[in-house]
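Architecture at a glance
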Amino acid sequence: MDDNIFLQAYQVSRKDRQKSNGHKPLLIWFTGLSGSGKSTIANAVETKLFQEGIKTYCLDGDNIRKGINSDLTFSPADRNENMRRIGEIANLMLDAGLVTLAAFVSPYKKDRLKIKNIVKDVNFVEVYINTSIEECENRDVKGLYKKARAGEIKNMTGISAPYEAPDYPDIEILTEFETVDEAVVRIIDYIMPKL
Ligand SMILES: Nc1ncnc2c1ncn2[C@@H]1O[C@H](COP(=O)(O)OS(=O)(=O)O)[C@@H](OP(=O)(O)O)[C@H]1O
Ligand SMILES: Nc1ncnc2c1ncn2[C@@H]1O[C@H](COP(=O)(O)OP(=O)(O)O)[C@@H](O)[C@H]1O
């Protein structure tokens, strides 16, 4: 019962961790269709930050769904639950002082807003990896679009499930017109003053 649960205050505070790390925590949220480039760009940004001595961790859709969220499907309700859990996990990472990069399709506006509310006072940067469905399908990195067209995958985002693009993302990357390196420079330039 909730009434019988009491939050434990930690002796080492967020502020202590921030001081020890030499930078603030930050959540960089990558959203976009499967194959849009979220993982590629998030990994490249993390590598750059890591090389600068910044404490980072990257949460990625496939990895989380193979582990803690292996019980979830791609139904709307399970995607909501996927987001809720990831929001909580990200919040723990931020508590630990990390610059946390999260790469999830995260197709619903409402869920992305919820994440923003979970992390409250910590800076949240929304990066929209804007790649057309045609290009994602053309890349078909994992063969999922082919399966979706053949009816073997239901609820495939962009084909048989919705993707609600952000109206006002902090950063928008058009991968059909921008290289990975150019995207990384833009993202790094945007976040560095926030750390
Ligand atoms: N139906 C369907 N729709 C979208 N994606 C699918 C689907 N089935 C499997 N996959 C694979 O799962 C990865 C997306 O997981 P996420 O947790 O990011 O999705 S979501 O935020 O809950 O929508 C996604 O990873 P990325 O390609 O990296 O985006 C796919 O590899
Ligand atoms: N400008 C670009 N930015 C990001 N990825 C690109 C770009 N151009 C081509 N790609 C390719 O698109 C694919 C994106 O796959 P991935 O990063 O796994 O996407 P997601 O994580 O969104 O599913 C990779 O094979 C990557 O090399």
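From a predicted model like this one, the values you see are computed outputs, not experimental measurements. (Residues numbered from 1 in each chain as written. Chains lettered and ligands numbered in written order. Predicted model: local features only at pLDDT ≥ 70, side-chain atom pairs only at ≥ 80, totals over all residues. Heavy atoms only, no water.)

Points about the UniProt feature "active site" (unreviewed entry) in the chain
Here, the residues flagged by UniProt with the feature "active site" (unreviewed entry) are Ser106. One can find Ser106 in the loop between strand E3 (99–103) and helix H5 (109–118). Overall, Ser106 belongs to the buried group, its relative accessible area being 2%. Residues contacting Ser106, with those up to four places away along its chain left out, are Trp29, Phe30, Thr31, Met83, Arg112 and Tyr163. (UniProt positions renumbered as here; feature names shortened; annotations may be inferred. Helix = DSSP H or I, 4+ residues; strand = E, 2+ residues; numbered from the N terminus. Buried < 20%, exposed > 50% of the residue type's maximum accessible area, 1.4 Å probe, protein only. Contact = heavy atoms within 4.5 Å.)

Thoughts on the nonpolar core
In terms of nonpolar packing, the biggest core is built from 22 residues, with Ile28, Phe30, Val45 and Val127 touching the most fellow members. Looking at this core, the elements with two or more residues in it are strand E1 (26–31), helix H2 (38–51), E3, strand E4 (123–130), strand E5 (171–174) and helix H8 (180–191). With residues up to four places along the chain from it excluded, the contact list for Ile28 reads Leu49, Val99, Thr100, Leu101, Ala102, Val125, Val127 and Ile191. Counting 17 residues, the second largest nonpolar core, distinct from the first, contains Ile86, Met93, Ala102 and Phe124. (Core = buried A, V, L, I, M, F, W, Y, C linked by side-chain atoms within 4.5 Å.)

So, the pattern of salt bridges
This structure, assessed with the given rule, holds 11 salt bridges. Residues Lys114 and Asp111 are paired through a salt bridge, measuring 4.0 Å at the closest nitrogen-oxygen approach. In this pair, Lys114 and Asp111 both sit in helix H5, three residues apart, roughly one turn of the helix. The salt bridge partner of Glu126 is Arg112, with a shortest N-O separation of 3.0 Å. Residue Glu126 is located in strand E4, and its partner Arg112 is located in helix H5; the two are separated by 14 residues in the primary sequence. Just as Glu126 is buried, Arg112 falls in that class too. (Salt bridge = Lys/Arg side-chain N within 4 Å of Asp/Glu carboxyl O.)

Some thoughts on the pairing of E1
Burial of E1 is extensive: six of the six residues sit out of reach of the surface. Burial of E1 is two-sided: the residues Leu26, Ile28 and Phe30 facing one way and the residues Leu27, Trp29 and Thr31 facing the other way are all buried. Of the strand pairs in this sheet, E1 and E3 are connected by five bridges, and their pairing is parallel. In the sheet register, Leu26 faces E3, and the bridge partner there is Val99. As judged from the six bridges shared by E1 and E4, these two strands associate in the parallel manner. In the strand pairing of E4, Leu26 is matched with Asn123. (Pairing = 2+ DSSP bridges.)

A word on H8
Over its 12 residues, H8 extends 17 Å from the first C-alpha to the last, a length consistent with the 16 Å expected when each residue adds 1.5 Å. Of the residues making up H8, those classed as buried are Ala183, Val184, Ile187, Ile188 and Ile191. Down the axis of H8, the buried side of the element spans an arc of 125°, and every buried residue falls inside it. The exposed residues of H8 that point more than 90 degrees off its buried face are Asp181 and Asp189. The elements touched by buried residues of H8 are E1, H2, E4 and E5. (Expected span 1.5 Å × (residues − 1). Arc of directions from axis to C-beta.)

Describing the site of ligand 2
With respect to spatial proximity, 15 residues lie near ligand 2, and among them Gly35, Lys38, Ser39, Thr40 and Glu178 are the closest. The contact in question runs from an oxygen atom of ligand 2 to an N or O atom on the backbone of Leu33, over 3.4 Å. At a separation of 3.2 Å, a nitrogen atom of ligand 2 approaches a polar backbone atom of Thr175. Contact with the protein chains removes 75% of the 560 Å² of surface that ligand 2 exposes when unbound. Here the shell around ligand 2 is composed, by residue class, of four nonpolar, eight polar and three charged. (Near = heavy atom within 4 Å. Polar contact = N/O pair within 3.5 Å; in protein donor to acceptor, adjacent residues only side chain to side chain. Areas by Shrake-Rupley, 256 points an atom, 1.4 Å probe, with all protein chains shown as cover. Nonpolar A, V, L, I, M, F, W, Y, C, P; charged D, E, K, R; others polar.)

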